[in-house]
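Residue-level structure breakdown
One letter stands for each residue in the lines below.
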Amino acid sequence: MKKTYLLFCLSLLMGLNSCNDKFLNRLPLDQPTEISVFTDYKNFQAYTWSLYATFPTIGYSEQETDNISLNWTRNTGESSWIRGNVTVPATSSETTWSQYNFIRKCNLMLDNIDAPQSKLSEKEKEHFRSLGLFFRAYRYFSLLTTYGGVPWIDHVLNNNSEENQAPRADRDVIAEHILADLQYAEQHIGDFKDGNNTVNLNVVQALFSRFTLFEGTWRKYHKLADAEKYLQECKRVSRLLIDRQPEIHPNYDDLFNSIDLANTKGILLYKEYNNAVGLTHAISISGTTNSESARFEPTRDLMDSYLCIDGHTRWTSPKFISDKVMEEEFSNRDRRLWLQVCPPYTINKTSGGWDAKWWFLENNVTENGLDSLTARMYIDEITKLVSNPRQKVLPFRQGYLGGILFSIPHYSFMRRSQPWYASEFGYNTWKYFNTTLDLGSARNEETDKPIFRIEETMLNYAEAMFELGEFDQAIADLTINRLRPRAGIAAMKVAEITSTFDPKRDKGDARYAGDYEVDPVLWEIRRERRIELFMEGFRFNDLRRWKKAQYALRQKKGQWVDKVKLRLLNKKGPVFTRNTLNENAFTLDRAGDAGYLTFHEEQTHLWPDYYYLSPLPLDQLVLNKNLVQNPGW
């Protein structure tokens with residue numbers, strides 16, 4: 001998709017969105033109308049390009065899950081889903097329900113494919129119908145995952161349309177419609193070269209795979225009918241896509257920190273950013289400042305889930321050293337950990353907080369008691385994991401030219417005269433961090449965001465095959481074991497995964513009626529998904545479809561700290577970094593001077609069953625008297 005054309009498409013769409021029936025009948029000469037827009041191939045193409053704006057922007061997420069703790073304000077900053085105080089929204093403007101506006105845009109094009117003014121050939125009609133159905137299915141999928149059954153609207157409405165008062169269709173009906181739309185798109189989308197980064201057969205099948213895995217597992221674990229039908233479709237379509245796109249990119253960091261993802265192996269569709277046309281973001285700099293966006297902090301639970309390089313868990317592997325010292329915790333672990341959570345290091349500095357002059361402590365023993373053999377490890381090793389050395393580099397650059405951080409961990413309660421990139425837990429997310437650009441205050445970051453990539457489809461396929469009773473070593477080799485080499489960990493050996501493989505595996509929770517023990521192999525498949533797709537917005541939906549949202553209620557913890565060692569460290573180093581420890585500014589999970597850091601209070605309630613679906617906005621219940629609120633709300 002041409003970036004420079006996107007602005008024209010957006011203005012074109014805005015003109016159409018402002019139209020109503022009376023306006024269209026007047027056929028104004030100075031603004032686009034259905035008759036003037038939906039005519040030939042190029043006009044339809046321009047309209048479909050404008051639909052790409054619906055894809056999500058790059059950003060932090062997963063604070064509703066066990067992966068991330070939003071450590072901005074104590075207790076009140078925790079997710080409302082976790083605290084159990086979600087309220088019914090008054091209006092739909094900031095909710096998923098607002099996607100009906102986008103669905104209308106899709107229906108507008110679909111309604112005009114066979115209109116008298118259309119000059120499309122039959123193949124072209126099939127192609128644009130496929131695109132319209134793809135985008136409509138994409139957003140109906142959002143509505144389905146959020147609310148369950150919703151009204152089904154498949155054409156443009158006016159003020160007098162009976163569908164304005166349509167009741168909610170059953171979940172079965174909505175799911176069947178999405179399935180049918182994606183089946184049509186898969187069979188009829190053309191190869192018309194709409195652009196290098198546009199929806200094609202690969203992208204259709206990627207969404208197909210995502211939807212059918214979600215719906216199949218939702219139905220299985222929420223005790224609904226037809227789970228196997230959707231899982232079988234996930235199996236079919238995922239395998240077709242994997243066979244056609246079997247290769248993955250060898251460098252994990254490139255997927256999230258490249259200025260241009262064009263022609264990157266495994267990337268099926270991505271969101272483009274380009275400062276030349278004003279499409280930028282600020283993920284790196286906003287994630288390092290002293291602000292809420294910097295406080296999406298990895299949890300102890302997430303850290304414990306990374307495997308060791310021998311393919312075994314931290315609980316069972318002889319490669320695991322300890323979680324009491326950060327350098328030891330990161331050692332011999334899945335390399336995706338190093339690229340998702342900033343690794344530890346310590347340097348000495350010669351003067352003020354952000355100068356560029358520093359020298360490395362070759363022997364760190366006098367500084368923090370670390371083994372000198374591991375003291376420099378992560379500074380050196382991180383350069384081997386990135387293709388562009390400025391994507392990720394240690395010592396950490398805050399983004400401003402010359403800004404160097406004294407050490408990681410960099411606690412908020414012990415900032416050592418440096419204000420930025422501080423953490424309540426000692427762990428800092430940096431999956432999307434890079435210093436390719438000198439960011440300054442312009443916030444003109446241009447790194448692209450993956451929307452669909454083959455690794456997700458591989459994980460979808462692995463999970464679906466297990467749910468169908470067909471997962472074996474061959475499937476593991478086709479999927480998970482294609483991901484592991486670049487993570488530096490041993491291949492999955494299915495026969496070795498017994499009931500004792502992970503002693504912390506979910507054995508079921510008797511407090512929840514019908515809760516289940518997770519099979520050891522399925523637990524490892526879910527683990528791989530959790531790590532590979534971390535911070536890409538999947539985890540909350542995964543917990544919901546597995547009916548395991550209670551994981552998010554576990555108290556979120558950070559690093560192990562020892563107050564005695566912190567006091568000693570507070571007296572070491574350059575003068576300007578001393579005496580900054582505030583022992584009243586942090587809490588531990590136990591009495592005494594040592595323990596895991598905490599921030600939010602432990603939740604004592606259970607996850608309510610009705611929390612698996614969201615409440616409908618109140619304004620929609622007023623506008624449409626036939627809508628019924630989700631049970632429990």
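What this report covers is the structure whose coordinates are included nearby. (Residues numbered from 1 in each chain as written. Predicted model: local features only at pLDDT ≥ 70, side-chain atom pairs only at ≥ 80, totals over all residues. Heavy atoms only, no water.)

**Quick look at the overall build of the protein**
- The helix and strand inventory of the protein stands at 23 helices and ten strands.
- Evaluated residue by residue, the protein yields a buried proportion of 60% over its 633 residues. (Helix = DSSP H or I, 4+ residues; strand = E, 2+ residues; numbered from the N terminus. Buried < 20%, exposed > 50% of the residue type's maximum accessible area, 1.4 Å probe, protein only.)

**Section: the packing of aromatic side chains**
- Using the criterion set out here, one finds 44 aromatic pairs in the structure.
- Between Y100 and Y140, the ring centres sit 6.0 Å apart and the planes meet at 90°, which makes this aromatic pair edge-to-face. Highlighted residues: Y100 in helix α6 (residues 99–112) and Y140 in helix α7 (residues 122–147), separated in sequence by 40 residues. Take Y100 and Y140: they sit in the same class, and that class is buried.
- For the pair F330 and Y378, a centre-to-centre distance of 6.0 Å together with 75° between the ring planes defines the contact as edge-to-face. Remark: Y378 occurs in helix α16 (residues 377–381) and F330 occurs in helix α13 (residues 326–330); sequence separation between them is 48 residues. Accessibility assignment for this pair places F330 and Y378 in one class, buried.
- The structure contains a cluster of three or more aromatic residues connected by ring pairs, namely Y52, F55, F102, F134, F135, Y138 and F452.
- The ring of Y551 is capped by R554, whose NZ or CZ atom sits 4.3 Å from the centre of that ring. (Phe/Tyr/Trp six-rings, centres within 6.5 Å; stacked < 30°, edge-to-face > 60°. Lys NZ or Arg CZ within 6 Å of the ring centre and 35° of its normal.)

**A closer look at the pattern of salt bridges**
- Evaluation of the coordinates by the stated rule reveals 52 salt bridges.
- Residue R236 pairs with E186 through a salt bridge whose shortest N-O separation is 2.9 Å. On the criterion of sequence distance, the pair formed by R236 in helix α10 (residues 227–244) and E186 in helix α8 (residues 171–188) is long-range, its members being 50 residues apart.
- In this structure E186 comes out as buried when scored by relative accessible area, which is 12%.
- Between D304 and R300 there is a salt bridge; the shortest N-O distance is 3.2 Å. Of this pair, D304 and R300 both sit in helix α12 (residues 300–305), four residues apart, which is roughly one turn of that helix. The pair formed by D304 and R300 is uniform in burial state, with each residue classed as buried. (Salt bridge = Lys/Arg side-chain N within 4 Å of Asp/Glu carboxyl O.)

**Observations concerning the environment of P617**
- Position of P617 among the secondary structure elements: in the loop between β10 (594–598) and α23 (618–623).
- Note: C-alpha distance between P617 and P89 (528 residues apart in sequence) is 4.9 Å.
- Among residues more than four places away in sequence, those in contact with P617 are P89, T91, S92, T95, W97 and Y147. (Contact = heavy atoms within 4.5 Å.)

**Concerning the sheet that holds strand β8 (residues 557–562)**
- Overall, antiparallel pairing links the three strands, which are arranged β8-β10-β9 in an open sheet. The strands lining the two open edges of the sheet, one partner per strand, are β8 and β9 (587–588).
- In the sheet, β8 pairs with β10 via four bridges, with the strands oriented antiparallel. Each bridged residue has a counterpart across the sheet, and for D562 the counterpart in β10 is A594. (Pairing = 2+ DSSP bridges.)

**Quick notes on the packing of helix α4 (residues 41–50) against α7**
- In the contact formed by α4 and α7, the axes pass within 11 Å of each other and the chain directions differ by 10°. Taken as axis vectors, α4 and α7 run roughly parallel relative to one another. Listed contacts from α7 to Y41, F44, Q45 and T48 of α4 are E124, H127, F128, L131 and F135.
- Looking at side-chain class alone, the contact of α4 with α7 contains five nonpolar, three polar and one charged residues. (Axes fitted to C-alpha atoms, helices over the stretch in contact; angles between N-to-C directions. Parallel < 35°, antiparallel > 145°, perpendicular 65-115°, else oblique. Nonpolar A, V, L, I, M, F, W, Y, C, P; charged D, E, K, R; others polar.)

**As for helix α9 (residues 201–221)**
- In this model α9 runs 30 Å from its N-terminal to its C-terminal C-alpha over 21 residues, within 8% of the 30 Å that 1.5 Å per residue would give.
- Backbone geometry just after α9 places K223 at a positive phi near 60°. (Expected span 1.5 Å × (residues − 1).)

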